[in-house]
Amino acid sequence: MPLSYETVVGADLSGLTKAASRWRVLPDELIGIANSFQSTVTRKLSRRDWDGKAAEAGRRNFTKVYDQLEDASKESKAVYGLIRSAVEELESVQKKLKGIASEVAESTHLSLNKTTGKVLFDSPEEDFKQRQTIQKHLRETINEYNTQINTLLNRATEADRALNWALMQDRNGSKPGFNAGTVDSIKAASKSMEEAVKQAKEAEEIIGKGEKASDREMTRLNSILTNRQGDPYFTEKFTAGVGAKKLFVQWNDMVNDPGVSDGRAKIIEKLQKSLGNTLATATHSDSDAMKKWKKDVLALGPERIELERKTPEPGRPPYNFQVMSALMREGDYDSRFLINYGEKLIDFDKKMDSEDWKQQPDNIWLNFGGDDHGADPMRGYMHALGNNPEAAKDALNNPHDLRYLIKERDWIADQTSVTVKPEYLHRDLGRALQSASLGVPWDETGLNRDADTANIAREVMKIMGEDVRSKEEQLLHNAPGLVDSAARIGSGYIDELTKATAMRGGFNNAELIASGIYDSQDNGIGDVPLDTARDFMIEVAKHSNAYEAMATAQHIYTASVMEDNAGDRYRVQSALDSGAYNQGLMAAARNEYLDSLEKDERESADKDSEESGSWTTWSLAEGGSALNSVGGAAAGAAIGGAIAGPPGATVGMVAFPIVGDLAISAFEHYMGFDDDDDQGESRQGAHSGDLRDQISLRLTEMESSYSSNHDGGRGLSSDASDKQSNGWSYAEGILKSLR
């Protein structure tokens, strides 16, 4: 529908003009930042004696930073051109419309409706015949004016639509970063919109062919969807055009064939990803067409699809839930849609036998390139929640559903899988729990905690640890796919776990804990019961890589509390005792678990432990991520860090909170880059080794300082050596372990 005359003529373009002016200077500013980064960071570090995995990873990242800034400059230049061309077009339209209005106003026999923009015959002549003569004479002029006005209004509408479309584009699709290929004018945007409409129709036609689509046509469909998956205009046209029912029927017909050739399977694998991303973008639209599509998906979910292909048992085709869940593994779906979808799916899942998901006549195959074939729709849904923390923390903020998913539900293995690894069955669930608890997508490192994420984390810890003393029911042993995510959740709340167990750590008391010594934010997990914290840590620490991850997070968190309280000997000692208690607790749990295993299992676990020994050596090699928390901190700023596991470590990178300003200077301080160029030589070598050695050195420096300044030459370790924290002394639990 075109913009109204009143809207176009009365539009205030000053905001767009100002925006164009600001975008005009941005490209040069970004290039300046890029050049400054290169000269002050990249070149400076390249001249230093910095080598090893951390150096290699750092230099790779520095190059990426420069490239992204360069792309951002190019993209901002294109945006400036786009907005500037829109302003010029709209200004031109306004000028011409106002010119027509002036001409009409000068005419004795014409008038202009300022609301509709319609030019009318409006003569003061009273003689009827004379009026008719004048009107006949001006009829062509009136038509010309109205035609010009309609053309100008269409131009304004097209410019407005093209600008809106172009600014909503994400040419990278599912890939992060900036894109230098952004359209740079209204004309280019309009042309691309026309192509989008044509390609949406073409894509509809191809998917409508189902199994009859050739490999070439499917490759073409993938190309269209890959290039357009970040275009809201295209994705809505395509998704609403196909419709939910037709999508499920035709996609199943196209791909659900266990006898598919390897070449076609590879095409389908790519197409599944691009189609999933396309649907995800479309779900963010609130148009009437997309509201209907989402409503239809929910209604069709519990029903079996209508098969186009004949099967031995035509009454047993896949459920629509299975088709949709396989597709939603890719992309960032609208949160409300995911929440509503999950409510329907979980409710339906509870009412049926989970075995029914895999009892399909064709040996169902809806997921390509993964570790399952898509028979269990809950796995695809959990994967989608893992990609969307906002949806995850809403959908999983229910103790009953959490218990059902973690402990009560029977997670099935595809009957078509040749080899089913137990860690695969619960891995998607673990990623969803991780996303909901930490507030970031499962494949990103960082923390974004709030009251809801903390509530979920607390409930997850409670469920995972409640059977820790049972020899029969060992949750993580029976569901190894949850181990990695459990370690990440534990590391992400290491501050609250420390606070919960702090009273067991020697010097601590309720008043000290209440003072905020362990707080990295003021609205975290809250008053987690001691038993919950302790049992969770024991359960997670049984597994080698998970133990290494949480132990390392505990080490660094303890160091941050010490750093933040360096002026108070008593508080530092308390922090050391708390860290020592948790380290001892986890180490004892690990050893006890190994002793309980059969010989062959124990040898395998021992091997895992040896391989994970390099975990913290690798720690800073791939960078870190800051904690983005709601609220301030009782004892220092709410800041976080991140550590990465060694190559092959299942847990990989984990994020954790730390107290005070340690994170701000962590990289420079621990790597020795906080010194001036002319005096950093001696400490550079001391700080460039293993992360545990770095922290050990820092703690030793603090101990030495206290020895000479506060205790008459008697160090903290002398005090601590007189007392045990459940069999794990300060010296053994902190300094010796770190060294």
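Preceding this section is the structure that the text describes.
What you see is a predicted model, and the numbers here were worked out from it, not measured in a lab.

Engineer: Quick rundown of the pattern of salt bridges? Include the residues and the values.
Structural biologist: The tally for this structure, following the rule as stated, stands at 29 salt bridges. With a closest N to O distance of 3.2 Å, Asp347 and Lys351 form a salt bridge. Of this pair, Asp347 and Lys351 both sit in helix H12 (residues 335-351), four residues apart, which is roughly one turn of that helix. Judged by its relative accessible area of 40%, Asp347 falls in the partly exposed class. The partner of Glu496 in a salt bridge is Lys499, with the nearest N and O atoms 3.3 Å apart. Taken together, the positions of Glu496 and Lys499, both in helix H21 (residues 494-501) and three residues apart, correspond to about one turn of that helix. Counted as one network, the salt bridges with shared partners bring together Arg329, Asp372, Arg379 and Asp428.

Engineer: Describe the packing of aromatic side chains, with residues and values.
Structural biologist: Taken as a whole and judged by the stated rule, the model has nine aromatic pairs. Residues Trp293 and Phe337 carry aromatic rings whose centres are separated by 6.1 Å and whose planes lie at 40° to one another, so their mutual orientation is tilted. Of this pair, Trp293 sits in helix H10 (residues 288-300) while Phe337 sits in helix H12, and the two are 44 residues apart along the sequence. Residue classification places Phe337 among the buried residues on the basis of a relative accessible area of 2%. Their ring planes at 10° and their centres at 4.7 Å tell us that Trp365 and Phe368 sit as a pair that is stacked. The exposure class of Trp365 is buried, given its relative accessible area of 18%. Linked through ring pairs, Trp293, Tyr319, Phe321, Tyr333, Phe337, Tyr341, Phe348 and Tyr381 together constitute an aromatic cluster. Cation over ring: Arg431 sits above Trp442, and NZ or CZ is 3.7 Å from the ring centre. When the ring centre of Tyr493 is taken as origin, the NZ or CZ atom of Arg449, which lies over that ring, is 4.8 Å away.

Engineer: Tell me about helix H20 (residues 483-492), and please be specific about residues and values.
Structural biologist: By the criterion of burial, H20 is predominantly enclosed, with nine of the 10 residues buried. Among the residues of H20, those classed as buried are Val483, Ser485, Ala486, Ala487, Arg488, Ile489, Gly490, Ser491 and Gly492.

Engineer: If you had to explain the side chain of Arg571 to someone new, which residues and values would you point to?
Structural biologist: As for its placement among the helices and strands, Arg571 is situated in helix H25 (residues 569-596). When neighbours within four sequence positions are excluded, Arg571 is seen to be in contact with Leu512, Ser515, Gly516, Ile517 and Asn565.

Reading the values: the criteria
All chains use their own residue numbering, which begins from 1 and follows the written sequence. Note on the predicted model: pLDDT of at least 70 is required for a residue's local features to be given, and 80 or more for side-chain atom pairs to be given and counted; whole-chain, interface and lining totals, by contrast, use all residues. Note that the side-chain values use all heavy atoms of the structure and ignore hydrogens as well as water. Each reported salt bridge corresponds to a side-chain nitrogen of Lys or Arg within 4 Å of a carboxyl oxygen of Asp or Glu. In DSSP terms, a helix is any run of H or I states spanning at least four residues, a strand is any run of E spanning at least two, and both are numbered starting from the N terminus. The rule is simple: take the accessible area with a 1.4 Å probe, protein chains only, and divide by the maximum for that residue type; under 20% is buried, over 50% is exposed, in between is partly exposed. Any two of the Phe, Tyr and Trp rings considered here, Trp counted by its six-membered ring, make a pair once their centres fall within 6.5 Å; the pair's planes then place it as stacked at under 30 degrees, edge-to-face at over 60, or tilted in between. Geometrically, a lysine NZ or arginine CZ counts as sitting over a ring once it is within 6 Å of the ring centre and also within 35 degrees of the ring normal. Two residues form a contact once any of their heavy atoms are found within 4.5 Å.

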